[in-house]
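Here's the letter readout for the chains.
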Amino acid sequence: MARKEVLFVTEASGLVQNIQALDKFENQICVFKGGSSGSHSLCFVGDTYVLSAEKNKPLIQVWSLNRVSQQTIRIVTPAPVLSLAVDPSGSFCAGSCGEKILIWQLSTGHLVKTVTRHYQDVTTLKFSDCGGFLLSGGGEGAVNVWLLSDLVDQIGGNQVPEPHFSFAHHAVAVADIWIGFGGSRSRFASCSGDQTCNLYDLTSGTLLFKLIFDVGLKCVTSDIIESSLFLGSVDGRIFQVNLHPPPRVVECHITSESEELKKKTFFGHTGPITCLTVSRDGTLIASGSTDNSVILWDISSKNRLRTFLQKGAITNLKFRLMSKNMERDTLKQSHVIASFKRQYEDNPCNIAEVVMASKMIEENVTLDDVRETPGNPSVPELQNEIDELKAEKEMLYQICVKEVLNKCNSDAKKHQKKKKKKSP
């Protein structure tokens, strides 16, 4: 049976819960209590953990995704985290503290790199679907594209790498970044309060086109086939812009009062739109606002299907397939999270080699740095499991060989019988 899709919601008050998981019928599936989440800070580590950065506090909250007796980890950071992102493999976490970008290795908590290339606060961070690129938007209006292999490279110590691409097409702070599917061949978009949305090609680093509105923009997203961009504005409207066919000019001016755009506009919120997310089938879009509401829309008709009222301003929304752990009472762990180090450590001892993006990288990983958390299997247990799997593999191999040999012998006997019948 296919797993159903769940809407994860965070709001700023933290009076009842920090994160809640809802289905499309407003049924509450799971809640995660403790604190309140800031914008651009909701992340997932595989099907094991959900993370969010505490608003205005140097703290990251971690919850296990099982249904009951959830593990809760509180990770202290050097400063309040403004934006948080985890790569798809669940190996590295990127967080912004002021104008700095910090890269941690999740399994050991090592602070791998500290990057300072923005001149004002880093407002948003996004990983590509392949995990090879990290995108950052800053308060000065710059958008930088980083190679993850450069950010986790330990050969040069904590030397700051140069961005793979850098763009300065916004006049004020970057409000949000969206990146599509396709790895290094994907497209990405950025929006800002300067009333513009820019679409870029990640392969060549070129600006494909710029959309200029008559109202400030707060967030941007797209459907899974990337046929439309959805843009949330400061006045509570959501604009849909078709990407097939794309605009024929680099700069495209769009008037929100035009009849054509009104047909593709969602009306319903009374405050600025803070976050948007589209369902995997591309039929629904959920929007959050400072008016303390989440609205679920039908994209084709622009009709409001449901309204979820919350206690505070909505800070994060995310459609996601329901984790199998959310149906279990006990956690089945596939990833490990250790407490994050606050300072960079250059320890040449016990170095493990990691191959990433066709480049050899040296990672400072020691067994002493791996924090044992409750529920984590020990090394002897893991070794026993490996031995059992090897034994099962050997047994399956012997069975397969026996079956193949029996089949060959049977075919040979049949062939001999046919020959005898044909012979005079």
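Presented here is an overview of the structure given in this document.

Calculation rules
- Residues numbered from 1 in each chain as written.
- Predicted model: local features only at pLDDT ≥ 70, side-chain atom pairs only at ≥ 80, totals over all residues.
- Heavy atoms only, no water.
- Phe/Tyr/Trp six-rings, centres within 6.5 Å; stacked < 30°, edge-to-face > 60°.
- Helix = DSSP H or I, 4+ residues; strand = E, 2+ residues; numbered from the N terminus.
- Buried < 20%, exposed > 50% of the residue type's maximum accessible area, 1.4 Å probe, protein only.
- Pairing = 2+ DSSP bridges.
- Core = buried A, V, L, I, M, F, W, Y, C linked by side-chain atoms within 4.5 Å.
- Axes fitted to C-alpha atoms, helices over the stretch in contact; angles between N-to-C directions.

### So, the packing of aromatic side chains
On inspection of all chains with the given rule, the structure shows 10 aromatic pairs. When the centroid spacing of 4.6 Å and the interplanar angle of 15° are considered together, the rings of Trp 104 and Phe 340 count as stacked. A residue pair is termed long-range when its members are at least 10 positions apart, and Trp 104 in strand 10 (residues 100-105) and Phe 340 in the loop between strand 29 (314-321) and strand 30 (351-356) qualify at 236 residues. Look at Phe 340 and you get buried, because its relative accessible area is 6%. On the numbers, 5.2 Å between centres and 20° between planes, the contact of Phe 213 with Phe 239 is stacked. Separated by 26 residues along the polypeptide, Phe 213 in the loop between strand 19 (206-212) and strand 20 (217-222) and Phe 239 in strand 22 (residues 238-242) bring together distant segments of the chain. Members of the aromatic cluster, connected to one another through ring pairs, are Phe 165, Phe 167, Phe 188 and Tyr 200.

### Thoughts on the pairing of strand 9 (residues 92-97)
Of all 6 residues in strand 9, 6 are buried; the element is thus mostly enclosed. By the alternation rule, side chains of strand 9 split into Phe 92, Ala 94 and Ser 96 and Cys 93, Gly 95 and Cys 97, which are all buried. In terms of strand pairing, strand 8 (residues 83-86) meets strand 9 through 4 bridges, oriented antiparallel. In the strand pairing of strand 9, Ala 85 is matched with Ala 94. Between the end of strand 8 and the start of strand 9, which pair antiparallel, lie 5 residues, with Gly 90 showing a positive phi angle near 75°. With 6 bridges joining them, strand 9 and strand 10 adopt antiparallel strand pairing. The partner of Phe 92 across the bridge, within strand 10, is Gln 105. The loop that links strand 9 with its antiparallel partner strand 10 comprises 2 residues; one of these, Gly 98, has a positive phi angle of about 65°.

### Looking at the nonpolar core
One finds Leu 51, Ile 60, Val 62 and Ile 337 to be the most contacted residues of the largest nonpolar core, which totals 21 residues. Counting residues per element, this core draws most heavily on strand 5 (residues 49-53), at 3 residues. Counting residues in hydrophobic clusters, the runner-up holds 19 residues, among them Leu 211, Phe 213, Phe 239 and Ile 254.

### Re the sheet that holds strand 23 (residues 251-253)
With mixed pairing, the 5 strands of this open sheet are ordered in space as 16-17-18-19-23. Each having just a single partner strand, strand 16 (174-179) and strand 23 make up the two edges of the open sheet. The sheet shows a mean angle of 15° between the axes of neighbouring strands, taken without regard to direction. Examined bridge by bridge, strand 18 (residues 196-201) and strand 19 share 6 bridges and lie antiparallel to one another. Looking at the pairing, Leu 199 lines up with Phe 209 of strand 19.

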